[in-house]
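# Breakdown of the fold
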Amino acid sequence: MAATRETAAAVRDVEQYKYGFVTDIESDMAPLGLNEGIIRFISAKKGEPEWMLEWRLKAYRYWLTLADEEPGWAKLRFPKIDYQASYYYAAPKRKAALTSLDEVDPKLLETYKKLGIPLLEQQILAGVAVDAVFDSVSVATTYKKKLEQLGVIFAPFSEAVHKHPELVKKYLGSVVPYSDNFYATLNSAVFTDGSFVYIPKGLRCPMELSTYFRINEKNTGQFERTLIIADEGSYVSYLEGCTAPQRDENQLHAAVVELVALDDAEIKYSTVQNWYPGDADGKGGIYNFVTKRGACRGKNSKIMWTQVETGSAITWKYPSCILQGDNSVGEFYSVAITSNRQQADTGTKMIHLGRNTRSKIVSKGISAGHADNTYRGLVRIGAKADGARNYTQCDSLLIGSTCGAHTVPYVENRNPTAVTEHEATTSKISEDQLFYCRQRGMSQEEAVSLIVNGFCREVLQTLPMEFAVEAQKLVGISLEGSVG
Amino acid sequence: MALLEIKNLHASVAGKEILKGITLSVEPGAVHAIMGPNGTGKSTLSNVIAGREGYDVTQGEVLLDGKNVLAMSPDERARAGIFLAFQYPVEIPGVTTSAFLKTALNAKRRAEGKTEVDAMEFLKLVKAKTAALGMPYDMIKRALNVGFSGGEKKRAEVLQMTLLEPRLAILDETDSGLDIDALKVVSDGVNALRAPDRAFLVITHYQRLLDYIVPDHVHVLAHGRIAASGGKDLALELEAEGYAKYLDTAA
């Protein structure tokens, strides 16, 4: 087959190509740019079955029809992205399939340690199973055996494609179709890896599932794909956190996360995002265009999103819930901090379809320096959603006089029995508050951190314990130097 | 050496001179009361010592243990041992009293080169202090000063003072808005803190507070200057005769 020959040739080319590496870990990378050959290359690298390749190609061909039509409605400014100037595949080289952590490159483990990611015993002690993603390929999975015994599937996405094709085929793209939006379509074509989770019927997953994402390769767009399915009556709490090293080029990140909750199931998805935000002048930093959506497909199901967004030069992210099942519940708790030249346009969509569906939105936006912070949310109540209820609270805190906070709530109600509430406040840290804290011996930065943490408390409280502590520190660190 | 030395202090707010040459020496272990009618600069004096923005010191010196206080930032002053009990304690939404106290205490401990207290030690300490002050322990779980009654706010100030163990405590109209029971609780807390190496500057309009916190020295502030100084009897005299004579002479 011509296509296969083409792929083989591409692989050969790449293996001969020499790059300067950011770390000593040898990577094999796809050639620069994006075309059908690259997609076949990625698929071949991962040894994917034909159906997976076909799905990617379908997405890619659709993406071409979008002709660089990035969504333009967000309150964001950035230069046009040249999608041909990125590498779409980079993986730490591995010799053979790994069966234990001992086989993981010690340098890689060292990098994790520097990041403060306790991959080894600490994780086991903490009861956290980690599917660590270094660049694009998952290299180590802990606690897998125990989870397996319980019937939980927690695996790199690429592995799930091989081992659980029926589940992947059934649910992939069922919440975020490949044609959903520009970035999701791009992701569908070129995603390299991510996590796959399946919680069997009736199981309350006894440990938090956690994935750390990390961008390390220069110019590598990151296209993670996560799919979580909570079968009837099950529960899972999933943590996602990420850090990235400082660099000058803007990096594109376009992840897709799909959640499916069946009857009486509950998914709690928590994110702490602190990617490189760029320097004080807005140079560098990650472009974060993420599509996250959960479907409360079953009755009495619940999906809860909590996000703490402090990093990235640009954040474009609207973790949403489709409340299909009767009595299903969607919740969104968000802290978004922007300082210097950061821009965030983030919020949620709560789509009420089933009867007596309920949603709650609590958004805390903090803006400092020359940053812009926008809450953009949609509450849509369908004609059949009798008794649906929504409560939305959007609070903005401004630090200094050169930043912006914007609240753009959309409410579309097609059912007269539904009730929606919206509250919004905008405030500034007062001189009196600062002086009071400083009179008690706190430095200016400590005072700001304390006050901002108080402002965010309602959201931070929804995070799992160890994540909450990290997030509190992060809130303080993110605003260092923003008051003066 | 005096603990606090104020020499010929002049300060103005928005170009208007409020303090017109204050000289005051406070020895360790002493309680000085500063009395006077409203608008004579009592609060200005406490704010200038604590380092609040918006006050311009045009002349004079403030020394704590011989060190130039006016060159320090507000938090440096606090860590050096100056504590201001606010007339109107500030609400900090979402920040529990407990979190606030712990942050403040650890800031001080770091400055002193001590290790920070961990959560367990801290709670033990607060439990002991609240019990000693006759305060409900649950108060520390509430957001600082948010929805506190006047009495609760002042008690929270005394609790902070008790934990931070300052060298110099300035009580700015602490009696304002307090009923007699709250006044007693607050005064008991202050009296328990009296120590040979600690001094108090009690700023008040009324003599009533001084029935509970008995001063060693009383000063009358009028028109930005100390118009008279004396022992605790001076306060009683003021109560009987009012401030009129100081205002007249100073005018």
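Looking now at the overall build of chain A. The secondary structure content of chain A amounts to twelve helices and 23 strands. Relative to its 484 residues, chain A shows a buried fraction of 61%. Partitioning the contacts of chain A with sequence separation of at least 6, the portion at a separation of at least 24 is 83%. As displayed, chain A offers around 18,700 Å² of accessible surface, 50% of which is attributable to carbon and sulfur atoms.

The subject of this paragraph is the overall build of chain B. Broken down by element type, chain B carries nine helices and ten strands. Rg of the C-alpha trace for chain B: 18 Å, near the compact-globule value of 18 Å for 251 residues, within the 12% margin. Oriented by its inertia axes, the alpha-carbon framework of chain B measures out at about 55 × 40 × 35 Å. Looking at chain B residue by residue over its 251 residues, the buried ones come to 53%. In chain B, of all internal contacts separated by at least 6 residues, the share reaching a separation of at least 24 is 68%.

Residue and element names in this part refer to chain B. Of the positions making up helix α8 (residues 233-241), those classed as buried are Leu234, Ala235 and Leu238. One side of α8 carries all its buried residues, which in axial view fall inside an arc of 105 degrees. Opposite the buried face of α8, at more than 90 degrees from it, the exposed residues are Asp233, Glu239 and Ala240. Two residues or fewer past α8, glycine 242 is found with a positive phi of approximately 80 degrees.

Residues and elements named next belong to chain B. With respect to the element layout, valine 185 can be found in helix α6 (residues 180-193). With 73 residues separating them along the chain, valine 185 and glutamate 112 place their C-alpha atoms 30 Å apart. Once residues lying within four places of it in the same chain are set aside, the contact partners of valine 185 are Leu133 and Arg155.

On to the sheet that holds strand β6 (residues 82-85) of chain B, then. Residues and elements named next belong to chain B. Read across the sheet, six strands follow the order β6-β7-β8-β3-β9-β10 without closing on themselves; strand pairing throughout is mixed. A single partner strand is all that each edge strand has here, and the edge strands are β6 and β10 (225-230). The sheet shows a mean angle of 20 degrees between the axes of neighbouring strands, taken without regard to direction. Both strand β7 (residues 168-172) and strand β8 (residues 199-204) contribute to a ladder of five bridges, which runs parallel. Residue alanine 169 lies in a different strand from β8, and its bridge partner there is phenylalanine 200.

Once that is clear, we can look at the interface of chain B and chain A. Between chain B and chain A, the contact holds 34 residues from the first and 18 residues from the second. Taking both sides of the interface into account, the surface hidden between chain B and chain A amounts to around 2,100 Å²; carbon and sulfur atoms contribute 61%. Taken together, chain B and chain A are joined by four salt bridges. Element by element, the count of residues in the side of chain B that touches chain A is highest for helix α3 (residues 97-111) of chain B, at six residues. A breakdown of the residues in the side of chain B that touches chain A according to their chemical character gives 19 nonpolar, eight polar and seven charged.

Before going further, it helps to examine the pattern of salt bridges. All names here are of chain A. Inspection of the entire model under this criterion finds 36 salt bridges over all chains. A salt bridge links arginine 61 to glutamate 36; its shortest N-O distance comes to 3.0 Å. In this pair, arginine 61 sits in helix α3 (residues 50-65) while glutamate 36 sits in helix α2 (residues 36-45), placing the two residues 25 residues apart along the sequence. The shortest N-O distance in the salt bridge between lysine 317 and glutamate 309 comes to 2.3 Å. We note that lysine 317, like glutamate 309, is buried.

Let's shift gears to helix α12 (residues 465-478) of chain A. Count 3.6 residues to each turn of an α-helix, and residues three or four apart come out pointing the same way. Its 14 residues give α12(A) an end-to-end C-alpha distance of 20 Å, which sits within 8% of 20 Å, the value for a rise of 1.5 Å per residue. Those residues of α12(A) lying buried are Phe467(A), Ala468(A), Ala471(A), Leu474(A), Val475(A), Gly476(A) and Ser478(A).

All names here are of chain A. This model, assessed by the stated rule, comprises 25 aromatic pairs over all chains. Taken together, a centroid distance of 6.3 Å and an interplanar angle of 90 degrees make the contact between phenylalanine 154 and tyrosine 238 edge-to-face. On the criterion of sequence distance, the pair formed by phenylalanine 154 in strand β5 (residues 153-156) and tyrosine 238 in strand β9 (residues 235-243) is long-range, its members being 84 residues apart. The exposure class assigned to phenylalanine 154 is buried, which follows from its relative accessible area of 3%. Chaining the aromatic ring pairs together yields one cluster made of Tyr60, Trp63, Trp73, Phe78, Tyr83, Phe182, Tyr183, Tyr287, Phe289, Trp316 and Tyr318. Taking the ring centre of phenylalanine 191 as reference, the NZ or CZ of arginine 56 above it sits at 4.1 Å. The side chain of lysine 364 reaches across the aromatic face of phenylalanine 455, ending 5.2 Å from its centre.

Residues Ile366(A), Val452(A), Ile6(B), Ile49(B), Phe100(B) and Phe200(B) are the most contacted members of the largest nonpolar core, which totals 109 residues. No other element matches the nine residues that helix α11 (residues 444-460) of chain A contributes to this core. Contacts of Ile6(B), omitting those with residues within four sequence positions, involve Ile22(B), Thr23(B), Leu24(B), Leu45(B), Ile49(B), Glu61(B) and Val62(B). Grouped together as the second largest cluster of nonpolar side chains are 52 residues, Ala160(A), Leu167(A), Tyr198(A) and Trp316(A) included.

This next bit is on the environment of Pro89(B). With respect to the helices, strands and loops of the structure, Pro89(B) is situated in the loop between β6 and α3. Here the alpha-carbon distance between Pro89(B) and Ala156(B), two residues 67 residues apart in the chain, equals 8.8 Å. Residues in contact with Pro89(B), not counting those within four places in the same chain, are Tyr436(A), Asn145(B), Lys153(B), Lys154(B) and Glu157(B).

Time to look at unusual backbone geometry. Note on backbone geometry: most residues besides glycine have negative phi, and most peptide bonds are trans. Residues and elements named next belong to chain B. Unusually for a residue other than glycine, asparagine 145 sits at a positive phi of about 65 degrees. Structurally, asparagine 145 is set in the loop between α4 (119-132) and α5 (150-164). The class of asparagine 145 is buried, set by a relative accessible area of 0%. Phi at glutamate 173 is positive, roughly 50 degrees, even though this residue is not glycine. Inspection of the secondary structure puts glutamate 173 in the loop between β7 and α6. Glutamate 173 sits in the buried class, given a relative accessible area of 8%.

What follows is about the sheet that holds strand β1 (residues 4-13) of chain B. Pairing between the strands of a sheet comes from backbone hydrogen bonds, and it takes one of two forms, parallel or antiparallel. Residue and element names in this part refer to chain B. Across the sheet, which stays open at both edges, the four strands sit in the order β2-β1-β4-β5 with antiparallel pairing between neighbours. Two strands close off the open sheet at either side, each with one partner strand: β2 (16-26) and β5 (67-68). Pairing of strand β4 (residues 56-64) with β5, which is carried by two bridges, proceeds in the antiparallel orientation. Pairing of leucine 63 across the sheet is with asparagine 68, part of β5.

Residue and element names in this part refer to chain B. One can describe the packing of α5 onto α6 by two numbers: an axis separation of 10 Å at closest approach and a directional angle of 10 degrees. By the angle between their directions, the pair α5 and α6 is classed as roughly parallel. Together, Gly151, Lys154, Arg155, Val158, Met161 and Thr162 of α5 and Ala182, Val185, Val186, Gly189, Val190 and Leu193 of α6 make up the contact between the two elements. Residue composition of the contact of α5 with α6, by class: seven nonpolar, three polar and two charged.

Cut-offs and rules
- Along each chain, numbering runs from 1 in the same order as the chain's sequence is written.
- Chain A is the first chain written and ligand 1 is the first ligand written, with later ones labelled in order.
- Local features in this predicted model are restricted to residues of pLDDT 70 or higher, and side-chain atom pairs are both shown and tallied only at a pLDDT of 80 or more, whereas totals for entire chains, interfaces and linings draw on every residue.
- For the side-chain quantities, the full set of heavy atoms in the structure was used; hydrogens and water were omitted.
- Counting from the N terminus, the helices are the DSSP runs of H or I reaching at least four residues and the strands are the DSSP runs of E reaching at least two.
- Three exposure classes are used, based on accessible area relative to the maximum for each residue type with a 1.4 Å probe and protein chains only: buried under 20%, partly exposed in between, and exposed over 50%.
- Contacts are assigned to residue pairs with any non-hydrogen atoms lying within 4.5 Å of each other.
- All accessible-area figures derive from a Shrake-Rupley calculation using a 1.4 Å probe, and residue coverage is judged against the displayed protein chains alone.
- As a reference, a globule follows 2.2 Å times the number of residues to the power 0.38, and the radius of gyration itself is taken over C-alpha atoms.
- The arc in question is formed by the directions pointing from the helix axis toward the C-beta atoms.
- In this description, strands pair whenever DSSP reports at least two bridges between them.
- Lines fitted to the C-alpha atoms define the axes, with helices restricted to the stretch that makes contact. Angles between their N-to-C directions range from 0 to 180 degrees.
- Buried area is a sum: the accessible area each of two parts loses on coming together, probed at 1.4 Å, counted once for each and added.
- A side-chain nitrogen of Lys or Arg and a carboxyl oxygen of Asp or Glu constitute a salt bridge if their distance falls within 4 Å.
- Three categories are distinguished: nonpolar for Ala, Val, Leu, Ile, Met, Phe, Trp, Tyr, Cys and Pro, charged for Asp, Glu, Lys and Arg, and polar for the others, with Gly belonging to the last.
- Working rule for helices: expected span equals 1.5 Å times residues minus one.
- Think of it this way: a Phe, Tyr or Trp ring, Trp meaning its six-membered ring, pairs with another when their centres are within 6.5 Å, and the plane angle makes it stacked under 30 degrees, edge-to-face over 60, tilted otherwise.
- Only Lys NZ and Arg CZ are tested; either one counts as a charge over a ring when it is within 6 Å of the ring centre and within 35 degrees of the ring normal.
- Buried residues of nine kinds, namely Ala, Val, Leu, Ile, Met, Phe, Trp, Tyr and Cys, make up a nonpolar core once their side-chain atoms join them within 4.5 Å.
- Just so you know how the angles are binned, under 35 degrees is roughly parallel, over 145 roughly antiparallel, 65 to 115 roughly perpendicular, and the rest oblique.

Fair warning: the whole summary comes from geometry, so function is off the table for now.
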